[in-house]
Amino acid sequence: MTRRRVTALAAGLCMLAVGGASAADRYTMPPPGYHPDLSTDEAGLWMQVDKAETDIKNSPTLVHDEKLNTYVRGLVCELAGDFCPSIRVYVVENPQFNAFAMPNGAVVVYTGLLLQCENEAQLAFVLGHEITHYLHRHTLAHLRMMVNTTGFLAVFGLAAAGAGVGFLGALANGAGVGAIFRNSRDEERDADDNGFRLATAFGYEPAQASAIWRFMADQEGARPKGSPSLFLADHPQSKERMATMEKAASVAEPARNDWKVNADTFHAATAGFIARWSEDELSLNRPDESILIFRRLAANNPSEGLYRYALGESYRRRNGKTDGAAAQEAFRGALDCPDAPAESWRGLGLLAMKAGDKVTARDAFSHYRTALPGAGDKAMIDFYMSQL
C-alpha cells in the first residue's frame, strides 16, 4: 500500500471518529485478514455465506471480462486500503441498480449500477457504502437476528427460493438477495456516512454522493406505488439520503479545490458494455423509469448514440400519446452520433409502419438491414418489408 493510500484511509477513519463518534463506538471493525473462530456462531454463518459465494463464482451471470473486473476491484481496493486482501469483488450481470456486501468480505456489484452511474466518483460512493457494511459488520448482525427469529431455513433457503430457485437463481433474478443481505435503516445511514468519508478521503467530489440519490428519488417518483426497487426497499428514503449527502458535501467541499470525478476513466472501463446493459434495462419492461435513466445519461453524454437509441426505444415501448414523436427525435439524435446504433433505423421503421408511412418505413428498414445484415430479427424485418 502506498503512503498516499495509507494517509487517505487514515484521514477517512479519523473523520469518522471525530464527526461520528457514536458510530465508531457502536461498530467494531475486524482486523485485516480476519476469520472467525471455528467455535463461534459467526463461523457457522460464514460457512453458509461461503456457499453462497461459491454460487456466485459459478453463476452464468458472473461477468468475466478481465479489464472491467480489474477496474472495479482496483477501485474497491483503493477505498478499502489495508482491508483490500479481505474483500473479493464480483461483477454480476443484472439490470437492477444494486450492490451488496456479505459478512465474509464478498462484495457483489450489479451491472445495472454500472450502467446508471455517470462517473467513477458516483461508483466510489456506492462502493464505500458497501465496504462499510463489511467493515462495520452490519450484515452479520442482521443474519444473526434472522437466524434467532426465523431460523436457518428462512435465512439461507426460503428467503431466496420463493420459486424453488435457490440462492443462485435468486441472484440471477434479483429476488431474495435483499432479504438476506440487508441492514437496518440506522446501519444504512452509518454506511452512507462512512462511505462518504472514505470516498472523499480519496478526493472524490462530494456532490456526486447526493447526485446518486437525486437519480433514485426521480425513479421512485416514476415507480408504481407498492413496487420499491430491490436496492431501495430496506433503505432510508432517497430524498432523505440526498438531503443528508448535500449537507455533508457543503461541509466537505471547501477543504480542497481539486476534487475528482474521473468520468473519462469510468467510461473507458464500461463503454464496451453499454449496448448490452441498455438492452438489459429495457428488458425490465419499466419504460417510465427507463426513460428517466436514458434521458439523463444521454444528456450527460451527448455523443453517446447508444443512450439516445435506448431512450427512443423506451418511448416507443411505452407508446403514450406523445411518445411516438419523442421516440423519433431520440432515434434521429442517435443516428447523428459517431456510435450510431443500427437499431435506431429499425426503431424509425417500426414507428413509420405503425403510422402508415410505408415509404419511410421501407427506407428505414432497408438502412437497418444494410447496416446489420446478420441481425437476429432479419426474418421479421424482411417480412415487414414484403408487406409495405
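Preceding this section is the structure that the text describes.
What you see is a predicted model; the values in this text were computed from it and never measured. (Residues numbered from 1 in each chain as written. Predicted model: local features only at pLDDT ≥ 70, side-chain atom pairs only at ≥ 80, totals over all residues. Heavy atoms only, no water.)

## Structural notes on the overall build of the protein
Selection rule: Numbering of helices and strands runs from the N terminus, with a helix taken as a DSSP run of H or I at least four residues long and a strand as a DSSP run of E at least two residues long. Buried, partly exposed and exposed residues are distinguished by accessible area as a fraction of the type maximum, computed with a 1.4 Å probe on protein chains only: under 20%, between the cut-offs, and over 50%, respectively. Contact definition: two residues touch when any of their heavy atoms are within 4.5 Å. Per-residue and other accessible areas were derived by the Shrake-Rupley procedure at a 1.4 Å probe size, with only the shown protein chains allowed to occlude residues.
Summing up its helical and strand segments, the protein has 21 helices and three strands in all. By residue count, 53% of the 388 residues in the protein fall in the buried class. Contacts in the protein between residues at least 24 apart in sequence constitute 68% of all its contacts with a sequence separation of at least 6. Of the roughly 17,300 Å² of accessible surface on the protein, a fraction of 55% belongs to carbon and sulfur atoms.

## Examining the side chain of E78
Rules: Under this definition, polar contacts are N or O atom pairs within 3.5 Å; protein pairs additionally need one hydrogen-donor-capable and one acceptor-capable atom, and for neighbouring residues in sequence, both atoms have to be side-chain atoms.
For E78, the location among the structural elements is in helix α4 (residues 66-80). Within the structure, E78 has its side chain in polar contact with the side chain of Y204 (distance 2.9 Å).

## Some thoughts on empty space enclosed by the protein
To be explicit about the condition: Put simply, the grid is 1 Å and covers the protein atoms alone, a cavity is a trapped set of points that fit a 1.4 Å probe, a pocket is an open set with protein on both sides within 12 Å along at least five of seven lines, and lining residues have an atom within 4 Å of a point. Grid points are joined across faces, edges and corners, and a volume is the space filled by probe spheres set on the points. Think of it as three bins: nonpolar holds Ala, Val, Leu, Ile, Met, Phe, Trp, Tyr, Cys and Pro, charged holds Asp, Glu, Lys and Arg, and polar takes everything else, Gly as well.
Per the stated rule, a full pass over the model turns up five cavities of 30 Å³ or more. Computed from the structure, the second largest cavity encloses a volume of approximately 90 Å³. Contributing elements (two or more residues each) for the lining of the second largest cavity: α6 (120-135), α11 (185-201), α12 (207-222) and α13 (238-252). Tallying contributions element by element places α11 first for the lining of the second largest cavity, with four residues. In terms of residue class, the lining of the second largest cavity is built from nine nonpolar, two polar and two charged.

## A few points about the sheet that holds strand β2 (residues 99-101)
Note the threshold: Two strands qualify as a pair provided that DSSP identifies no fewer than 2 bridges between them. The axes used here are C-alpha line fits, helices contributing only the stretch in contact, and every angle between their N-to-C directions lies in the interval 0 to 180 degrees.
Read from one edge to the other, the open sheet built from three strands follows the order β1-β3-β2, with strand pairing classed as mixed. Every other strand in the sheet has two partners, leaving β1 (88-92) and β2 as the edge strands with one partner each. Between one strand axis and the next, the sheet turns through 15 degrees on average, direction left out of account. Bridge count for β2 against strand β3 (residues 106-110) is three bridges, and the pairing is antiparallel. Directly across from A99, in β3, lies its bridge partner V109. Along the sheet, helix α3 (residues 41-57) contacts β1 and β3; its crossing angle with β1, the most-contacted strand, is approximately 45 degrees.

## Considerations on the state of the cysteines
Formally: Only a pair of cysteine sulfur atoms within 2.5 Å qualifies as a disulfide here.
Across all of its chains, the model carries one disulfide by this definition. Disulfide partner of C77: C84, at an S-S distance of 1.8 Å. In this structure, the disulfide formed by C77 and C84 twists by about 40 degrees around the S-S bond and is classed as right-handed.

## Re the pairing of β3
A large share of β3 lies buried, amounting to five of its five residues. Taking every second residue as pointing to the same face, both faces of β3 are buried, with A106, V108 and Y110 on one and V107 and V109 on the other. Of the pairings in the sheet, the one linking β1 to β3 comprises five bridges and is parallel in character. Bridging across to β3, V91 finds its partner in V109. The antiparallel pairing of β2 with β3 creates a hairpin that spans four residues between the two strands, and G105 there sits at a positive phi of about 100 degrees.

## So, unusual backbone geometry
Positive phi, normally seen in glycine, also occurs at N285, with a value near 55 degrees. With respect to the helices and strands, N285 occurs in the loop between α15 (274-283) and α16 (287-300). In this structure, N319 takes a positive phi of about 60 degrees despite not being glycine. Looking at N319, the relative accessible area reads 44%, which means it is partly exposed.

## Overview of the pattern of salt bridges
Note the following rule: Every case where a carboxyl oxygen of Asp or Glu lies within 4 Å of a side-chain nitrogen of Lys or Arg is listed as a salt bridge.
Going through the model one piece at a time under the given rule, you end up with 18 salt bridges. Linking R197 and D193 is a salt bridge whose minimum nitrogen-to-oxygen distance equals 3.1 Å. Here D193 and R197 lie together in helix α11, a separation of four residues that amounts to about one turn. On the accessibility criterion, D193 (25% relative accessible area) is partly exposed. Ionic pairing is found between E289 and R286, a salt bridge with its closest N-O pair at 3.5 Å. We note that E289, like R286, is buried. Connected via shared salt-bridge partners are E188, D192 and R241.

## Describing the nonpolar core
The condition that has to hold: For the purposes of this section, nonpolar cores are sets of buried Ala, Val, Leu, Ile, Met, Phe, Trp, Tyr and Cys residues that join through side-chain atoms within 4.5 Å.
Residues L123 and F294 are the most contacted members of the largest nonpolar core, which totals 68 residues. By residue number, the principal contributor to this core is α6, which donates nine residues. Discounting residues that sit within four places of it in the chain, L123 has contacts with Y71, L75, L113, L114, C117 and F266.

## Some words on the packing of aromatic side chains
Rules: For Phe, Tyr and Trp, where Trp contributes only its six-membered ring, two rings pair if their centres lie within 6.5 Å, and the inter-plane angle classes them as stacked under 30 degrees, edge-to-face over 60, or tilted in between. For a Lys NZ or an Arg CZ to count as sitting over a ring, it must be within 6 Å of the ring centre and within 35 degrees of the ring normal.
Enumeration according to the criterion identifies six aromatic pairs in this entry. A ring pair is formed by F125 and F196, whose centres lie 5.7 Å apart and whose planes are at 25 degrees; its orientation type is stacked. Of this pair, F125 sits in helix α6 while F196 sits in helix α11, and the two are 71 residues apart along the sequence. Here the basic side chain of R241 rests over the ring of W213, its NZ or CZ set 3.9 Å away from the ring centre. A cation over an aromatic ring shows up here: R296 above the ring of F215, its NZ or CZ 3.6 Å from the ring centre.

## Things to note about the layout of surface pockets
In this structure, the second largest pocket encloses a volume near 200 Å³. Residue lining of the second largest pocket: Y315, R316, N319, G320, D323, G324, A325, L350, L351, K354 and A355, and that is the complete set. Of all elements in the fold, only α17 (305-318), α18 (323-335) and α19 (343-355) reach the threshold of two or more residues within the lining of the second largest pocket. Among the elements that take part in the lining of the second largest pocket, α19 stands out by supplying four residues, more than any other. By residue class, the composition of the lining of the second largest pocket is five nonpolar, three polar and three charged.

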